[in-house]
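Chains, contacts and geometry: an overview
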Amino acid sequence: MRSGEPVRAADEPGGSIDFPPAANGIDYLVNVVQLLAREQGEVTPGQLKYAVLHLQAATEVLLKYRLYLEHWTLVLQNLDLTRMNKNKKMTRALFDRGDFVSCTPQETVERLRHVLGLRISDEEQDQILALAKSRNALQHYGLTDSEGTIEARTAEVLDFLIRFLDEVLLPKMREDSERLTEDVDQLAEDVDGIRRGLTKIRGYVEQRMERLKDELAPLKERTLQCPNCRQWALVVRGGLTSCWFCPADVDPQLTAWDYADNILRLPWRSPPQTHDQFSQPASPPTDACPDCGIDTVVQGAVTAAAPDRPTSFCFNCAAAFPDLCEICSKPFRAVDEQSICDNCFAGEVND
């Protein structure tokens, strides 16, 4: 703890280990803020690592606890209680002992949205699942990421979780207070502390983007939203694409695929075998560039120069193609009132 901060019960030496679900999740969030809400340059790689792990743990605990408050079976991966495994049925006693497999992050969000009817946007779902991927990578085989990316992603998910606590979980806990033992007023006080820390983390993100504003201004026509940190700082200048916020230098084709995934949310990948594995390309959402010939054009991309006007954009040479062929639906560079590409025109003539 820092000097001047009140000592929480969880930080008192010699205390008993007592972390009921909501207090457990919020305690993880308090730790995330303690790790990241520091002066710029003071955050160590180890602190970034544990910020990712603890933020994911908090997200999973708090979201699943809302499912639990509705009914304990909603937390199970397999909702068929007769088919827990080959030898035994699922029971409440087994659940209370922790002898069960819980639902995946994606299943959790989908049940909150479609079973409970909670307001969680597609973008918020993407942010939650991106965090889960980072945690899985870190937990199972390592993760290479920057301070800026972690701060930006943390700010997004913390912002969502605070709203979720304020508008969904804590009101539900007050409503069910007679059957719960947690001190909701204390939890709300802890959330206020998290909110103050989030303001500092978000402030770093805003300050960093403000410093980049003048440098990025003349590059707006080739600047897009980064699929990694989601800041408008991804610059395409031929060869590797570079995010000036992360910073990250990435192969143009991988960047195009990630942009289709994380920004446009195009459902183009085949499902993974398990929730710990990354899905593999099925039918990549890219076209060959009419200018450079590389398979790095994504339809529906938007640049900082025209964020409200989608176009077909090449992540290799930064060319933009506002026209699509009326026959093959591929991007092409139209001449005069031309409406079909040269290849389709040649085919029409030959037919």
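Conventions used here
- Residues numbered from 1 in each chain as written.
- Predicted model: local features only at pLDDT ≥ 70, side-chain atom pairs only at ≥ 80, totals over all residues.
- Heavy atoms only, no water.
- Helix = DSSP H or I, 4+ residues; strand = E, 2+ residues; numbered from the N terminus.
- Buried < 20%, exposed > 50% of the residue type's maximum accessible area, 1.4 Å probe, protein only.
- Contact = heavy atoms within 4.5 Å.
- Areas by Shrake-Rupley, 256 points an atom, 1.4 Å probe, with all protein chains shown as cover.
- Polar contact = N/O pair within 3.5 Å; in protein donor to acceptor, adjacent residues only side chain to side chain.
- Pairing = 2+ DSSP bridges.
- Phe/Tyr/Trp six-rings, centres within 6.5 Å; stacked < 30°, edge-to-face > 60°.
- Axes fitted to C-alpha atoms, helices over the stretch in contact; angles between N-to-C directions.
- Parallel < 35°, antiparallel > 145°, perpendicular 65-115°, else oblique.
- Left-handed = near helix turned anticlockwise from the far one by under 90°.
- Nonpolar A, V, L, I, M, F, W, Y, C, P; charged D, E, K, R; others polar.

Along the chain, the regular secondary structure elements total nine helices and nine strands. Out of the 351 residues belonging to the chain, those deemed buried represent 44%. Long-range pairs, those at least 24 residues apart, make up 56% of the contacts in the chain between residues at least 6 apart in sequence. Surface accessibility of the chain: about 18700 Å² in total, with carbon and sulfur atoms responsible for 48%.

Bringing the side chain of lysine 64 into the picture now. As for its position among the elements, lysine 64 is in helix H2 (residues 45-70). Only 2.7 Å separates the side chain of lysine 64 from the side chain of serine 102, close enough to count as a polar contact. In terms of polar contacts, lysine 64 uses its side chain to reach the backbone carbonyl oxygen of cysteine 103, at 2.8 Å. Aside from chain neighbours lying at most four places away, what touches lysine 64 is Val75, Ser102, Cys103 and Thr108.

Here the focus is the pairing of strand E2 (residues 232-235). Sheet analysis places strand E1 (residues 223-225) next to E2, joined by three bridges and oriented antiparallel. Paired with glutamine 225 across the bridge in E2 is tryptophan 232. One ladder, built from two bridges, connects E2 with strand E3 (residues 241-243); its direction is antiparallel. Within E3, the position partnered with valine 235 by the bridge is serine 242. In textbook terms, the turn of a hairpin is the stretch between consecutive antiparallel strands, and for E2 and E3 this stretch comprises five residues, one of which, glycine 238, has a positive phi near 90 degrees.

The next subject is the environment of glutamine 338. Among the structural elements, glutamine 338 can be located in the loop between strand E9 (331-332) and helix H9 (342-350). A residue is classified by how much of its surface remains accessible, and glutamine 338, at 24% relative accessible area, is partly exposed. Within the local environment of glutamine 338, its side chain forms a polar contact with the backbone oxygen of isoleucine 340, the two atoms lying 2.8 Å apart. Of the polar contacts made by the side chain of glutamine 338, one reaches the side chain of aspartate 342; its length is 3.2 Å.

Right, let's get into unusual backbone geometry. With a phi close to 55 degrees, arginine 265 is a non-glycine residue in the positive phi region. For arginine 265, a relative accessible area of 36% gives the class partly exposed. Positioned with a positive phi, alanine 318 is a non-glycine residue whose angle comes to about 70 degrees. Checked against the element boundaries, alanine 318 lands in the loop between strand E6 (311-314) and strand E7 (320-321).

In total, this model carries seven aromatic pairs according to the counting rule given. Between tyrosine 68 and phenylalanine 95, the aromatic rings sit 6.0 Å apart at their centres with planes inclined by 5 degrees, giving stacked as the arrangement. Highlighted residues: tyrosine 68 in helix H2 and phenylalanine 95 in helix H3 (residues 92-96), separated in sequence by 27 residues. The partly exposed category is assigned to tyrosine 68, whose relative accessible area is 24%. Grouping aromatic residues by their ring pairs yields a cluster made of Tyr65, Tyr68, Trp72, Phe95 and Phe100.

Here the focus is the environment of leucine 74. Residue placement: leucine 74 occurs in the loop between H2 and H3. Residues leucine 74 and valine 115 lie 41 residues apart in sequence; the distance between their C-alpha atoms is 9.2 Å. In contact with leucine 74, other than residues within four places in its own chain, are Leu67, Leu79, Cys103, Arg111, Val115 and Leu116.

As a packed pair, helix H1 (residues 21-36) and H2 sit with axes 8 Å apart at the nearest point and diverge in direction by 155 degrees. Viewed along their axes, H1 and H2 adopt a mutual orientation that is roughly antiparallel. When you trace H1 past H2, the crossing you get is left-handed. In contact with Pro21, Ala22, Asn24, Gly25, Ile26, Tyr28, Leu29, Asn31, Val32, Leu35 and Leu36 of H1, H2 contributes Gln47, Leu48, Tyr50, Ala51, His54, Leu55, Ala57, Ala58, Val61, Leu62 and Tyr65. When the residues that make up the contact of H1 with H2 are grouped by side-chain class, the tally is 17 nonpolar, five polar and no charged.

So yeah, pure geometry; function would need other evidence.
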